[in-house]
Amino acid sequence: MSDKTYPVPAEWAARAFLDADEYAAMYQASVADPDGFWAEHGKRIHWFSPFTTVKNTSFIPGQVSIKWFEDGITNVAYNCIDRHLAERADQVAIIWEGDNPSESKTITYGELAAEVNKFANVLRNRDVQKGDRVTIYMPMIPEAAYAMLACARLGAIHSVVFGGFSPDSLAGRISDCESRCIITADEGLRGGRKVPLKANVDAAIERLGGGVDHVIVVRRTGGAVNMEPIRDVWYHEAADLVSDECPAEHMNAEDPLFILYTSGSTGKPKGVLHTTGGYLVYASMTHQYVFDYHEGDVYWCTADVGWVTGHSYIVYGPLANGATTLMFEGVPNYPSVSRFWEVIDKHQVNIFYTAPTAIRALMQSGEEPVRKTSRASLRLLGSVGEPINPEAWEWYHRVVGEGRCPIVDTWWQTETGGILITPLPGATALKPGSATHPFFGVKPEVVDAEGKVLDGATEGNLVIADSWPGQMRTVYGDHERFEQTYFATYPGKYFTGDGCRRDADGYYWITGRVDDVINVSGHRMGTAEVESALVAHPNVSEAAVVGFPHDIKGQGIYAYVTLMADVQPSEELRKELVAWVRKEIGPIASPDLIQFAPGLPKTRSGKIMRRILRKIAEDQFENLGDTSTLADPGVVDDLVTNRQNKK
Ligand code: ATP
Ligand code: MG
């Protein structure tokens, strides 16, 4: 692992909300007296009726219960819109950049208020009430945010399903939470290609054999779609008939806000339930401090609203803070691999938040497509979703950020609601590949397999010892599964499922999922470390490492390697890569097998699905498990064929 350190740049020390000492003092206060700390910071949102209790949580198996600010009354949409209108009616809330570079628009807070109220009235006319579940299956257009906020305004619980999911996956998610109302668009548009959203909804409903009373269809492309009489309605026609005023429902802090199904890299997706008050306090506070969001900044998170990152850091966190948030319909390589950087120049983006998978993909095309853009407006970069390999971190820092922008490597999960481990740009010296330190109120611990808490520099499993306001409250409809999944392994603690190393300076390094830790001749090794060594080789663009049964070592190291665009696989290169990893990490980490792979199986959010690679490495081709959340199932067939040819 890289042990290079990047100190806080002078410019950041001067402008940031917090410096290192202030962070330390505030962190100390947050864990010493959570009630006092969150009573103070809970006031950052508007309450119709203030809370009188703060934290009421238990991680004890059999009685796990998480409540924050439980007697407070508020509304998330009110906080994201109405509260800002006196000062910000004319300020841009959302910058929308279309898939096609010639399409973009801005929506002010005043306009946002009218749009969301109309959307809420359309829902209300279809009998959507507080507590009802509404499934949102939308492209990245402003109406997706309006729909979410409209649900929040009425107290309906939204379940956003990523627009890339198949009718089957969509059907499973509609039936799990029993949504009777679906919001969709005629078609989506990504990378110049049309996505048949409405047709997918029709197919999903057919598979379910009914149960859906209303489908509201936003017109995006104008493509022909089937409209079922009575059940289906065009949004623009319904919106013409309603007023742009709609009162915000008074919601209890613990009333549900949304359900979101996890991305499914480890198994059947879970319906993660988040509630109102604590979630919003946590999302807005992390957005402010992690991205050091100041008045007037233009902020861009490239996630899709179908993922939790889109919920917390495109919609709720930024809007609760009265920020200007950019929403992008397209993909990083359309019309060209310069698109991200061109959008940054076009809208003068200051803060840019993306995923390692995008960085690694763009690295393949070299520096020129980045260098030819200005990016002078950029001040801060962020990363989320997977461990970022030090090589990719350095490239992001040196090429994209011209060496002047700190990178916040933010570790968190759908379950955590917001960022838990992260640098703060004015407070934290950075180490490439490390998510660094806990956010306020977060108590990470490293434990061994038996649950013994490990001190100092160490490696093991990452748990969180106490609750924070943004934590999920339950698995929708299955509290038992919630307890089993997160609180049974280490009773009394929240188990993250991730492995982690803490270095001598107290920095946290996420080593990958615990399932992905390999034990080679008694040495525990995180897959992330071997992958980072491989990616550091100039010919390698991506790598995924898994263990496989090995007669002598117990487990051997199996590496799937994707090469740079212009490099051909060869026996010589294979040997060179083995030698390279030996040199970078040590003989214990030498891969036993390297398979060159033109593509790796990834979830729709771009994460490598190692559980499938593990099965292939173990020759269990019949046993690949649920592949419904894969972005491109064809990749798996290629890998299996290649593997079988090798034998
Ligand atoms: P599922 O839980 O269904 O298997 P998932 O874990 O991929 O899906 P998410 O909640 O989107 O669903 O992802 C959270 C996980 O992503 C974390 O547990 C961690 O493994 C990884 N992750 C996210 N951010 C980082 C980061 N900055 N560094 C390292 N790993 C990260
Ligand atoms: Mg997970």
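The paragraphs below set out a description of the structure included in this document. (Residues numbered from 1 in each chain as written. Chains lettered and ligands numbered in written order. Predicted model: local features only at pLDDT ≥ 70, side-chain atom pairs only at ≥ 80, totals over all residues. Heavy atoms only, no water.)

Things to note about the nonpolar core
Consideration 1: Core analysis: the largest hydrophobic core is formed by 138 residues, its most contacted members being Leu112, Leu123, Phe291, Tyr316 and Phe440.
Consideration 2: By residue number, the principal contributor to this core is helix H7 (residues 142-154), which donates ten residues.
Consideration 3: The next biggest cluster of nonpolar side chains, apart from the first, holds 29 residues, and it includes Phe340, Ala358, Leu362 and Cys405. (Core = buried A, V, L, I, M, F, W, Y, C linked by side-chain atoms within 4.5 Å. Buried < 20%, exposed > 50% of the residue type's maximum accessible area, 1.4 Å probe, protein only. Helix = DSSP H or I, 4+ residues; strand = E, 2+ residues; numbered from the N terminus.)

A look at the environment of Tyr27
Consideration 1: Secondary-structure assignment places Tyr27 in helix H2 (residues 20-32).
Consideration 2: Tyr27 sits ten residues away from Phe37 along the chain, and the two C-alpha atoms are 9.5 Å apart.
Consideration 3: With sequence-adjacent residues up to four places away left out, Tyr27 is seen in contact with Pro438, Phe439, Phe440, Gly441, Val442, Lys443 and Pro444. (Contact = heavy atoms within 4.5 Å.)

Regarding the pairing of strand E23 (residues 458-464)
Consideration 1: Of all seven residues making up E23, six are buried, and the element is well covered by its neighbours.
Consideration 2: By the bridge criterion, four bridges tie strand E21 (residues 444-447) to E23 in an arrangement that is antiparallel. Bridge pairing links Val446 to Leu462 in E23.
Consideration 3: Note that E23 and strand E25 (residues 494-502) share six bridges and pair antiparallel. Bridging across to E25, Val463 finds its partner in Phe495. (Pairing = 2+ DSSP bridges.)

Looking at the pattern of salt bridges
Pairing between side chains of opposite charge can happen when their charged atoms approach one another.
Consideration 1: One pass over the full model with this rule turns up 34 salt bridges.
Consideration 2: The closest approach of N and O atoms between Asp292 and Arg15, which form a salt bridge, is 3.4 Å. Taken as a pair, Asp292 in the loop between helix H11 (277-290) and strand E16 (298-301) and Arg15 in helix H1 (residues 10-15) lie far apart in primary sequence, 277 residues in all.
Consideration 3: On the basis of relative accessible area, Asp292 is assigned to the buried category, the value being 2%. (Salt bridge = Lys/Arg side-chain N within 4 Å of Asp/Glu carboxyl O.)

Notes on the environment of Arg360
Consideration 1: Assignment of secondary structure puts Arg360 in helix H14 (residues 356-363).
Consideration 2: Relative accessible area serves as the criterion here: at 4%, Arg360 is assigned to the buried category.
Consideration 3: Sequence spacing of Arg360 and Leu112 is 248 residues, and the spatial spacing of their C-alpha atoms is 35 Å.
Consideration 4: With residues near it in sequence (within four places) discarded, Arg360 still touches Glu386, Pro387, Asn389, Ala392, Ser541, Glu542 and Ile608.
Consideration 5: Engagement of the side chain of Arg360 in a polar contact is seen with the side chain of Glu542, the distance being 2.9 Å. (Polar contact = N/O pair within 3.5 Å; in protein donor to acceptor, adjacent residues only side chain to side chain.)

So, the packing of aromatic side chains
Consideration 1: Under the criterion given, the structure shown has 44 aromatic pairs.
Consideration 2: Taking 5.1 Å as the distance between ring centres and 85 degrees as the angle between the ring planes, the aromatic pair formed by Tyr313 and Trp412 counts as edge-to-face. Of this pair, Tyr313 sits in helix H12 (residues 308-320) while Trp412 sits in the loop between strand E20 (407-409) and E21; the two residues are 99 residues apart in sequence, bridging distant segments of the chain. Here Tyr313 matches Trp412 in class, with each residue buried.
Consideration 3: A cation over a ring is seen here: Lys105 above Trp96, with NZ or CZ 5.9 Å from the ring centre.
Consideration 4: When the ring centre of Trp580 is taken as reference, the NZ or CZ atom of Lys583 above it lies at 4.4 Å. (Phe/Tyr/Trp six-rings, centres within 6.5 Å; stacked < 30°, edge-to-face > 60°. Lys NZ or Arg CZ within 6 Å of the ring centre and 35° of its normal.)

Some thoughts on the packing of helix H8 (residues 167-177) against helix H9 (residues 197-208)
Consideration 1: The geometry of H8 relative to H9 is characterised by a closest axis approach of 8 Å and an angle of 60 degrees between their N-to-C directions. In terms of orientation, H8 lies oblique with respect to H9. Read as a crossing pair, H8 and H9 show a hand that is right-handed. Residues Pro167, Asp168, Leu170, Ala171, Ile174 and Ser175 of H8 pack against Asn200, Val201, Ala203, Ala204, Arg207 and Leu208 of H9.
Consideration 2: For the contact of H8 with H9, the per-class residue count stands at eight nonpolar, two polar and two charged. (Axes fitted to C-alpha atoms, helices over the stretch in contact; angles between N-to-C directions. Parallel < 35°, antiparallel > 145°, perpendicular 65-115°, else oblique. Left-handed = near helix turned anticlockwise from the far one by under 90°. Nonpolar A, V, L, I, M, F, W, Y, C, P; charged D, E, K, R; others polar.)

What to know about the side chain of Thr135
Consideration 1: Its location among the elements puts Thr135 in strand E6 (residues 133-137).
Consideration 2: What makes Thr135 buried here is its relative accessible area of 0%.
Consideration 3: In contact with Thr135, not counting residues within four places along its chain, are Ser159, Val161, Leu170, Ile174, Cys177, Ser179, Cys181, Ile182 and Ile183.

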